[in-house]
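Chain residues, written in single-letter form:
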Amino acid sequence: MKVQDISREKSSELFEKAKNYFPGGVNSPVRAFKSVYGSPLFIERGDGSHLWDADGNEFIDFCCSWGPLILGHNNSEVREAVQAQLGKGLSFGAPTRLENELAELILTNNTYIEKIRFVSSGTEAVMSAIRLARGYTRRDKIVKFEGCYHGHSDSLLVKAGSGLVTFGETSSAGVPKSFADETIVIALNDKVALEKVFVDFKDQIAAVIIEGIPANNGLLIQDKSYIQFLRDITKENGSLLIFDEVITGFRLGFEGAAKHYDIQPDILTYGKIIGGGMPVGAYGASAEIMSNISPDGNVYQAGTLSGNPVAMAAGIAALRILSQPGFYERLEQTTQSFVAEIQAFIIEHKLDVQISTVGSIFWFAFEAKEKIQRADQIDPNSMLYYKKMHRELLNRGIYFGPSGYEVGFISAAHSTEDLATAITSIKESLLIAFEA
Ligand SMILES: *Cc1c(COP(=O)(O)O)cnc(C)c1O
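Residues numbered from 1 in each chain as written. Predicted model: local features only at pLDDT ≥ 70, side-chain atom pairs only at ≥ 80, totals over all residues. Heavy atoms only, no water.

*Asks:* Tell me about the packing of aromatic side chains, residues and numbers included.
*Replies:* The relative placement of two aromatic rings is captured by the distance of their centres and the angle of their planes. On inspection of all chains with the given rule, the structure shows 20 aromatic pairs. Ring plane angle 80 degrees and centroid distance 6.1 Å describe the contact between Y21 and F22, whose orientation is recorded as edge-to-face. On the accessibility criterion, Y21 (57% relative accessible area) is exposed. Plain terms: the ring middles of F250 and F254 are 5.0 Å apart, the flat faces sit at 90 degrees to each other, and that makes the pair edge-to-face. The residues F250 and F254 share a single accessibility class, namely buried. Here K387 stacks its cationic end above the ring of Y37, 4.7 Å away from the centre of that ring. (Phe/Tyr/Trp six-rings, centres within 6.5 Å; stacked < 30°, edge-to-face > 60°. Buried < 20%, exposed > 50% of the residue type's maximum accessible area, 1.4 Å probe, protein only. Lys NZ or Arg CZ within 6 Å of the ring centre and 35° of its normal.)

*Asks:* I'd like to hear about the site of the ligand, residue by residue, with values.
*Replies:* Close to the ligand lie S121, G122, T123, Y149, H150, G151, E211, N216, D244, V246, I247 and K272, which account for all nearby residues. A distance of 2.9 Å is found between an oxygen atom of the ligand and a backbone nitrogen or oxygen belonging to G122. Protein contact buries 83% of the 380 Å² of open area that the ligand shows by itself. Considering only residue class, the shell around the ligand consists of 3 nonpolar, 6 polar and 3 charged. (Near = heavy atom within 4 Å. Polar contact = N/O pair within 3.5 Å; in protein donor to acceptor, adjacent residues only side chain to side chain. Areas by Shrake-Rupley, 256 points an atom, 1.4 Å probe, with all protein chains shown as cover. Nonpolar A, V, L, I, M, F, W, Y, C, P; charged D, E, K, R; others polar.)

*Asks:* Pulling in residues and values, what's your account of the domain arrangement of the protein?
*Replies:* One can read the domain layout of the protein as domain 1 (9-74 + 326-434) and domain 2 (76-323). The gap between the C-alpha centroids of domain 1 and domain 2 is 25 Å. Counting from both sides, the interface comprises 26 residues of domain 1 and, opposite them, 31 residues of domain 2. With both sides pooled, the region where domain 1 packs onto domain 2 buries about 2,500 Å², and carbon together with sulfur makes up 63% of that total. The largest per-residue losses of area from domain 1 upon contact with domain 2 belong to Y328, V358 and Q373, which jointly make up 26% of the total buried on that side. Counting across the interface, domain 1 meets domain 2 through 1 salt bridge. Summed over the shared surface of domain 1 and domain 2, the number is 12 residue pairs in polar contact (both at pLDDT 80 or more). At the level of secondary structure, the elements contributing two or more residues to the side of domain 1 that touches domain 2 comprise α11 (327-348), β13 (353-358) and β14 (361-366). Per-element tally for the side of domain 1 that touches domain 2: the top contributor is β13, with 3 residues. Its residues assigned to classes, the side of domain 1 that touches domain 2 shows 17 nonpolar, 7 polar and 2 charged. (Domains from an automatic or database assignment. Contact = heavy atoms within 4.5 Å. Buried area = accessible area lost by both parts, 1.4 Å probe. Salt bridge = Lys/Arg side-chain N within 4 Å of Asp/Glu carboxyl O. Helix = DSSP H or I, 4+ residues; strand = E, 2+ residues; numbered from the N terminus.)

Here it is as structure tokens:
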């Protein structure tokens, strides 16, 4: 069952060169393959569910550019929309009809927001949402959860402090301690901890921010009762509830996690899928809250390339497909059968691994003792299984994200044959990962 290692000659050469140009040879850290074997594969092209690297290796892709590619690579409708816009100019720094079109498509199909503002990344969307929450409430502190990622803005690069300290500690050099002091970090799924925060910092909390479904540190699926608790306690205390739906927005459904839970947050942030593979982020809220944004209000937020016409064209084409009836039902069904077949194999072979899944997202939890809902339930040592599995999968033509904390995505381009091939490879790879 052992297979040969794939050739990485060209990718390795490119990586050696890249190291002269970029810190760690990459433009975003997780791409550096630090948590798995080997060096990064340099990708030449993608089509549908498939990827090709510089050495000509072909893969079925379950990373999907970390989530945006819910339609797979090189979707013809998205490509043609982008091509049509290319002939008209790349950027004007003035309003275009396309921004209206994308906004209309979103706002008429998403009842959780009344007004929206487009930006160029998820990080920017969340950073702006935090500023809006602070401006609106005239309070400074925010609460985030250990195990949720919200991009790399200063206020959010904060992790839980040690011991009984409630204040966060910066999780990156260069973030002033005074910023971290405004961010309180607590564990997910712990009602008592949050109740205490609202007592200790009465009338100081601008917002509680949570990922729609936390999916950046494993897949930490929360109970609806807990999310309802967040809704209730924020409301009682005059704080806002922010759903960071950069992954879950347009992934769990057109209305994301808000609809999944049937809970109305105050501000929602989007990214990834919303741009159809181009750099777009967005935040939205009620018209009343959004009226605080400049130029209507006094919360400043701007962007030279915001609402970029090429990116808008891609987003419109992608979201039109997603808004068609049955799209998400089919994708979820496909994902459920995929997961069920692997799950049955895991049980049959008594392997110490669980698969968490929601919508078209899945995640392998190794050596999980219980249902994992908090970051501290994940044993870092268990990542060795993933590392082994990852190498075996690459050698079998299956591309998973290069870290065991990252979730996998299924796109509408994954065919029944793709998934059958992947299942066989995953079964083989799991068995090898569990060999002593
Ligand atoms: C990816 C992500 C971000 C950051 O988005 P970028 O486009 O990478 O800046 C923020 N929040 C969540 C939940 C994400 O998954």
